[in-house]
Amino acid sequence: QVQLVESGGGLVQAGGSLRLSCSASGRAFSSYAMGWFRQVPGKEREFVAAVSWSGNIYYADSVKGRFTISRDNAKNTVYLKMNRLKPEDTAVYSCAAGSFPEVSVYRAGRYDYWGQGTQVTVSS
C-alpha cells in the first residue's frame, strides 16, 4: 500500500511559478512510476507529466518546456516544478503511483495509488 500526499499548490499570477511536491509512504517507492495529472470540473483527468522507475520522463505537449518533473527516491518524493504558468493551467493537480509498462504512463487508469490533490489557480 502506498499513500501519497501533495503539497505546494496555491494562487499565482500568470507567468509565475509553483513547485508541487508529492510525498509517498510505504515501501518500494523507487519501483513505481510516478505521474502528475490535473482535472478541472466537468472535464476528464488530464495527463501532465510522469517519471518512470528507471528515470525516463514524459510530458504532455501543453506543458513541455514549462514544467519539470523529478523524483528523489531517498526522500520518497516526486516534484513538479511549474514555470510560466498560464490561466489554463488552473486545475486540481494529483500525483499517482503505479507499476506497469512505460508505454502506459499517460493513462490514469493504470495507476494504482492517488493523492488527494492540490489546487493550482493561475490568475490572468
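Note: the structure precedes this text.
What counts, and where the lines are drawn
- Residues numbered from 1 in each chain as written.
- Predicted model: local features only at pLDDT ≥ 70, side-chain atom pairs only at ≥ 80, totals over all residues.
- Heavy atoms only, no water.
- Helix = DSSP H or I, 4+ residues; strand = E, 2+ residues; numbered from the N terminus.
- Rg over C-alpha atoms; globule rule 2.2 N^0.38 Å.
- Buried < 20%, exposed > 50% of the residue type's maximum accessible area, 1.4 Å probe, protein only.
- Contact = heavy atoms within 4.5 Å.
- Areas by Shrake-Rupley, 256 points an atom, 1.4 Å probe, with all protein chains shown as cover.
- Lys, Arg positive; Asp, Glu negative; His and termini not counted.
- Charge placed at Lys NZ, Arg CZ, Asp CG, Glu CD.
- Pairing = 2+ DSSP bridges.
- Salt bridge = Lys/Arg side-chain N within 4 Å of Asp/Glu carboxyl O.

Take the overall build of the protein next. Scanning the protein from terminus to terminus reveals zero helices and eleven strands. In the protein, the succession of α and β elements from N to C terminus is β-β-β-β-β-β-β-β-β-β-β. The C-alpha radius of gyration computed for the protein amounts to 13 Å, which stays within 12% of the reference 14 Å derived for 124 residues, consistent with globular compactness. Expressed as a percentage of the 124 residues in the protein, the buried residues total 44%. Taking all contacts inside the protein whose residues are at least 6 apart in sequence as the whole, residues at least 24 apart take part in 58%. Accessible surface computed for the protein: about 6300 Å², of which carbon and sulfur atoms make up 48%. On the protein, the mean spot of the 14 positive side-chain charges and the mean spot of the 9 negative ones are 3 Å from each other.

The pairing of strand S1 (residues 3–7) with strand S3 (residues 18–25) spans five bridges and is classified as antiparallel. Each residue of the ladder has a partner; that of Leu 4, found in S3, is Ala 24. Note that S3 and strand S8 (residues 77–82) share six bridges and pair antiparallel. Within S8, the residue paired with Ser 21 across the bridge is Tyr 79.

Now for the pattern of salt bridges. Tallying each qualifying case throughout the model produces four salt bridges. Across the pair Asp 89 and Arg 38 runs a salt bridge whose closest N-O atoms are separated by 2.9 Å. Of the two residues, Asp 89 sits in the loop between S8 and strand S9 (91–98) while Arg 38 sits in strand S4 (residues 33–39), which places them 51 residues apart along the sequence. Given the relative accessible area of 1%, Asp 89 is considered buried. Close ionic contact of Lys 64 with Asp 61 constitutes a salt bridge, the shortest N to O distance being 3.2 Å. Taken together, the salt bridges that share partners define one network made up of Arg 38, Glu 46, Arg 66 and Asp 89.

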